[in-house]
Amino acid sequence: MNQPGKPGTAADLRKVRINPDFWYPLARSHQLGKGKVLAGTFAGQPIAIARAETGKVFALEDRCAHRQFPLSLGTVCGERLQCGYHAWRYDRHGRIAAIPYAGPATSPPTGVRSYPCREAYGSLFVFPGNPERAERIPLPDLSLSDSPDYKPMYFSRQVNCHYSFMHENLMDMNHQFLHRRLMGRVRPELLGTAEGDGWVEAKYHFHHLGGRRHLGSDLLSAGGSRAEKHYDVMTIRTEYPYQTLTISGRDSEFPSVRLWCVYVPKDGAEKTNQSFGILMIRKPRIPGMVYALWPLLRHFAEAVFAEDRMAVEAEQRAYDEWGGDRNQEVYPVTLAVRELLIAQGIAPEPDTSG
Amino acid sequence: MNQPGKPGTAADLRKVRINPDFWYPLARSHQLGKGKVLAGTFAGQPIAIARAETGKVFALEDRCAHRQFPLSLGTVCGERLQCGYHAWRYDRHGRIAAIPYAGPATSPPTGVRSYPCREAYGSLFVFPGNPERAERIPLPDLSLSDSPDYKPMYFSRQVNCHYSFMHENLMDMNHQFLHRRLMGRVRPELLGTAEGDGWVEAKYHFHHLGGRRHLGSDLLSAGGSRAEKHYDVMTIRTEYPYQTLTISGRDSEFPSVRLWCVYVPKDGAEKTNQSFGILMIRKPRIPGMVYALWPLLRHFAEAVFAEDRMAVEAEQRAYDEWGGDRNQEVYPVTLAVRELLIAQGIAPEPDTSG
Amino acid sequence: MNQPGKPGTAADLRKVRINPDFWYPLARSHQLGKGKVLAGTFAGQPIAIARAETGKVFALEDRCAHRQFPLSLGTVCGERLQCGYHAWRYDRHGRIAAIPYAGPATSPPTGVRSYPCREAYGSLFVFPGNPERAERIPLPDLSLSDSPDYKPMYFSRQVNCHYSFMHENLMDMNHQFLHRRLMGRVRPELLGTAEGDGWVEAKYHFHHLGGRRHLGSDLLSAGGSRAEKHYDVMTIRTEYPYQTLTISGRDSEFPSVRLWCVYVPKDGAEKTNQSFGILMIRKPRIPGMVYALWPLLRHFAEAVFAEDRMAVEAEQRAYDEWGGDRNQEVYPVTLAVRELLIAQGIAPEPDTSG
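Residues numbered from 1 in each chain as written. Chains lettered and ligands numbered in written order. Predicted model: local features only at pLDDT ≥ 70, side-chain atom pairs only at ≥ 80, totals over all residues. Heavy atoms only, no water.

**Q** Mind showing me how you'd approach the relation of the copies chain C and chain A here?
**A** Relating one copy of the chain to the other takes a rotation about an axis and a shift parallel to that axis. Each copy superposes on the other: chain C lies on chain A with an RMSD of 0.1 Å after a rotation of 120 degrees and an axial shift of 0.1 Å. Expressed as a symmetry operation, the mapping of one chain copy onto the other fits a three-fold axis. (Least-squares fit on C-alpha atoms with pLDDT ≥ 70 in both.)

In C-alpha cells:
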C-alpha cells in the first residue's frame, strides 16, 4: 500500500495520499499537561496523545478496543491510559493491561495501535506510518526556532483542501496578485530553481512597483538595513512533506525570516488539513523591538494566510464540483512540485484513480 | 419483511431494525390539545397525531396523498383531518373524505396509512407495525407512574445512535466509570442474570469505594432508611423493546426507584432515536419532601444522561467511520442483550448486511 | 442532450432540467457598478458578470482556466477581467488575453466559456444555452414595469425545490387554503383554461366567503372601484419558462396587478432555485397613495410567498425521501402545466430517469 506513485504518470494529484512515513506535529507541547491526554488526528485516524506524570508522552489509536470510545476522554494512571467508559487499561504500546471486571479466564482481546511519538521544538510529533521506519527518519530541523536570535510565531489552522494545493500556492509566487491589498504591486522575478531527491526549490526577488502596503509587509521583508533589503532573496522549498519560505539578504548568512509549514491531512479523503506553521523572525538589533512589533507582524501574517486559505479552498471546491483536476498549469516551478508530491505520496487505489 | 433475525447468526446488530409490532410513545398527551394535530416520527415514517374536539386521538401518515404536504400542518374538522395546502380531507382511517374542488366524477385516489393509536399514562402511543396485531399486543405496564406513592419524572431527548447502543449501555453497569464525577468510585458486583422469552435481566449491587459524588446519587439509591440502602439491589431488564432499571431494598416489596425507557428510532436508517424515559421515584415519608428535592434529582438525572449520550453517540460515530461493528465484547450480560435484540428485531436486507 | 422530453411519457418531472435556451435574470442592474464584477449561478454553472468602465456588461464562466479560482473575485481592467489569484486576464469572449509572468513561448491555454448577456428592465439577463440561438430568442416582455402607471416591486429568494413545484403551486389556485390566515375563506372558481405552443393558462374568479384577511389582500385584488373589483379575473399563465399572474377587472383594458416570475435553478441537480419576481401594481388615482401603501403591500406579498415556500419545500423533501414522484394529481390545470414543463424541458439522462 505504501508504494510511492511514479512521476510522470497521469495520477490525479488531489487523490494522492500523503506519505505517512514522516514525523507530523499534531499538537503543541503546552497543550498537554502531566497526567493528561488529548485528541489528535491524521488522515482520518484518531490518535490520543497522553503524557504520564513522569512527563513522558505516548500515542495510541483514539478508540478503545472494546467499544471504540475515544481514549482521549479517558484518564492517565501512571504510564497507562484508562478508557473513560468501562475502564479498560492500556499500556504505552496499546496492549490491554487490565479489564477491571473481567475474570482471569477472559482471553485478552486485541489491543489498539500505538504510534511512535516524540516531543521537540515545543511540539508533539507522531509517526503515523510503518513504526519500524520511525527510528531512521529524522525530525524536521527547526533549530532556528530555539535560537536566541529569533522569535517564533506559531500557527495552526484548519484549511479545507488537499495538502497539495498548499504546496503549490506557496511555491508559485506569481500569486502575489492575491495579496495586492496587503503587499501593493509586486513583480516577482524568478531567480532560479533547483531540485533533488525529495525536494524542489525556487528563488525569487520581489520588485515593488508601488501601491499601498501593510506595514508588516515592509517589516518582514527587511532583514536589517535598508540596503540589505534591496537585495532580499526569497527561497521557497518543498522538502517532502514539509515546506519552507526563507528571506535572506544576498550577503547575509542568517535569514531575516523563515517560515516552516506542514499540512497534516485530517480526514480520510485528505480533503482537509491542519496547517501548522512556525514563522521564525530574526530579532532586530534594538532590544525588545520585536515584542513591540509582534501584534503588527501577527496581524499581517494572519491576513496573508486568510487570503491564501480562501484561494486554496476555492480550488478544492472547484475540484469537487468537477470531480477531477482541470488545472492548466504553465509554470515550471509548480509543475515540478506537483511531480514531487506525486512521486513521494501514496498513489490512490486503482478503482478510484480512474 | 417482519421475520425476526436468528440468534447466533453474524447479523450486524447496528443494522437490525426495531420490531414495529409494539406500542411506541411518540408524544406526551399534554402536547396535543383538542382540535389540534402534531408531528411525530417512527423510523423514517412521519406520523401525524390528531385529537378531535371530542378528545379522541387518531394517527395518520404525515403526508397528504395529493402532494405529500405534511398533514400535521393542516387543521382538524370534527373527526377529520384537512390538509393545509389544497384542503383535502381525511377520515380517521386515512380515507379521503372530500376534495373540495373536485367534481363528483373524480375517482377518489388512494388515501394515506392510518396507525393504531392509544392514550395512556399521559402519553400518546402508536403501533407502527401490522395493525392486525395491535389488539393483542399490550401497552407497557407503567402503573407505578400513576401511583400516589410515586412521582414520575419524564425525559425525551434525541440521541444520535442506533437503539441497541442504549440497551447495551444500561445493561452493562461496569460503565459506572463513565459517571465517576457524579457517582464517585463504584465497584459494581453482578449478583446474577436471568433470561426468558423476549427478556434479559441482570442484578447488581454497588459497592461505594469513596470519592465525591453528586447529592442526587445518594438520594436516588436510598429507598428509605440508611440500613435498607446498604442492601440496595439494582435490576436492569430489557423486555423487548422496552428497558427498565429498578432499585429495591433487599426486603422491600416496592422499589425506591424505577426507570422505564424506550428508544424510538427516528430516521429510516435507525441511526438516531428519541429516548423516552419515565423515572418513577418513591416519595419519602416526609410529605412534600419529594417536591423540595425535585430540582436536585432532575439535575442529577440529566447529568448522568448527558454522559451516557456522549458515550453512545461516540460509539455510533466509530461504527460509521469503520462501516461495521468492531466491538470486542467480553461481558456475558451484554452478549445476552445483543442476542435478544437481534432475535426480536428485523434482520437487515441481505444486500446491505454483507 | 438538449432534445426536449416528449409529452405523455413517464418522465419524472422533478428530474427534468430547465431548458437553458432562454434568457434568465441572474441579478439586478444596481448590484453591479462600473468596473465591478459579481457572482451568479445557473443550474450549477457559476457565472461571473462584469461591467466595464464604459458600462457594458459581459458574462464569463466563473472559474479561471488556470486553477478554477472564481473570476468574480478578480478585478475589471478596461474591458477585461483579471483573475484575483495569479492575474491571468480574459477578454469579454473568455479568451486568455495575458498571463503576466508567462514567456512568449507559452502556448495559450484554453480560455473560459462566455455567455450572451443583456441588460433590460433594471436586470441582468444571461443566456446559458446554445449561444447561437440567443439572437432569435427574445427577452421576456416586462414593459409594464417601465410604465409610469405602474410601480414594480422586486423579489429574489432562494427556494429549495425544483422549479416545477413553483409552477404547479401558482397554477392551482385551490391552494388558497394554504393562505387562509392571510386571505380569509376563499372559493376559487375556475372560469376556463387555454393552451398553445409553449404556454398554458387558467382563469379564476375568487368568491370571498368571509373570515379575517390581511389588508394587503383587499388592496391587491382591487383594481380601482369596488364595483370593478367584484368582477376581478385572475389569469395564471406559464409561458415557458416564465410565469405570470394577472388580475384584471372584467371590462378593464389594463390589469390592476401583474406578477412576473422565473425560477432559476441554482444547483446542478436543480433542487434549489432562485425565484425572481416583479410585482407590477397599477397606481391608484390618488397621487402618492401607492407609496403610502407600499410597506403594507410588501408585507402581504412576503407573507404569502413565505407560505408558498414552506409548501413547495415540503414537497421537495417528500420527493427526496421517497426517491420519486408520488403525487396523485387530479386537477386538469396542474396536469396541463406538468405536461408543458416536461415537453419544454430537458429530459433526464436515461440511467437516472428509471
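**Q** Could you clarify how one ought to interpret the pattern of salt bridges in this entry?
**A** Any two side chains of opposite charge can pair, given that their charged atoms come close. Applying the stated criterion to the full structure yields 53 salt bridges over all chains. The closest approach of N and O atoms between arginine 133 of chain A and aspartate 21 of chain A, which form a salt bridge, is 2.2 Å. Here arginine 133 of chain A is found in the loop between strand E11 (123-126) and strand E12 (150-159), whereas its partner aspartate 21 of chain A is found in the segment before strand E1 (24-28), with 112 residues between them in sequence. Among the salt bridges present, the one from arginine 14 of chain C reaches glutamate 168 of chain C, with a minimum N-O distance of 2.4 Å. Here arginine 14 of chain C, found in the segment before strand E1 (24-28), pairs with glutamate 168 of chain C, found in helix H1 (residues 163-171); they are 154 residues apart in sequence, far enough to count as distant. One salt-bridge network, in which partners are shared between bridges, spans Arg14, Glu168, Glu315, Asp325, Glu329 and Arg338 of chain A together with Arg67 of chain C. (Salt bridge = Lys/Arg side-chain N within 4 Å of Asp/Glu carboxyl O. Helix = DSSP H or I, 4+ residues; strand = E, 2+ residues; numbered from the N terminus.)

**Q** How should the interface of chain C and chain A be read in this particular structure?
**A** Accessible area lost on assembly of the parts is the figure often given for the size of an interface. With 22 residues of chain C at the interface, the matching set in chain A holds 25 residues. Taken together, the two surfaces of chain C and chain A that pack against each other cover about 2000 Å², and 54% of this comes from carbon and sulfur. In this structure, arginine 67 of chain C and glutamate 315 of chain A form a salt bridge, with 2.5 Å as the shortest nitrogen-oxygen distance. Taken together, the links from chain C to chain A amount to 14 residue pairs in polar contact (both at pLDDT 80 or more). Broken down by class, the residue content of the side of chain C that touches chain A amounts to ten nonpolar, nine polar and three charged. (Contact = heavy atoms within 4.5 Å. Buried area = accessible area lost by both parts, 1.4 Å probe. Polar contact = N/O pair within 3.5 Å; in protein donor to acceptor, adjacent residues only side chain to side chain. Nonpolar A, V, L, I, M, F, W, Y, C, P; charged D, E, K, R; others polar.)

**Q** What's the story with the side chain of aspartate 12 of chain B in this structure? I'm lost.
**A** Residues and elements named next belong to chain B. Residue placement: aspartate 12 occurs in the segment before strand E1 (24-28). One buried charged residue, aspartate 12, forms no salt bridge at all, with the nearest opposite charge on lysine 15 at 4.4 Å. A distance of 2.6 Å separates the side chain of aspartate 12 from the side chain of tyrosine 319, its partner in a polar contact. The contact partners of aspartate 12, leaving out residues within four places of it in the chain, are Tyr319, Gly324 and Asp325. (Buried < 20%, exposed > 50% of the residue type's maximum accessible area, 1.4 Å probe, protein only. Lys, Arg positive; Asp, Glu negative; His and termini not counted.)

**Q** How should I be thinking about the domain arrangement of chain A in this particular structure?
**A** Residue and element names in this part refer to chain A. Its domain assignment divides chain A into domain 1 (33-136) and domain 2 (143-353). In this structure, domain 1 and domain 2 have C-alpha centres spaced 34 Å apart. In this complex, domain 1 contributes six residues to the contact, which on the side of domain 2 involves eleven residues. In this assembly, domain 1 packs against domain 2 so that about 640 Å² is buried in total across both faces, 60% of it on carbon and sulfur atoms. On the domain 1 side of the interface with domain 2, the three residues burying the most area are Thr41, Ala43 and Tyr121, jointly 68% of the side's total. Remark: the boundary between domain 1 and domain 2 carries zero salt bridges. Taken together, the connections running from domain 1 to domain 2 amount to four residue pairs in polar contact (both at pLDDT 80 or more). (Domains from an automatic or database assignment.)

**Q** How should the environment of tryptophan 294 of chain A be read in this particular structure?
**A** Residues and elements named next belong to chain A. Mapped onto the elements, tryptophan 294 comes out in helix H5 (residues 289-322). Expressed as a C-alpha distance, the spacing of tryptophan 294 and lysine 151, which sit 143 residues apart in the sequence, is 9.6 Å. If we ignore the near neighbours within four places in the chain, the residues touching tryptophan 294 are Lys151, Pro152, Met153 and Ile281.

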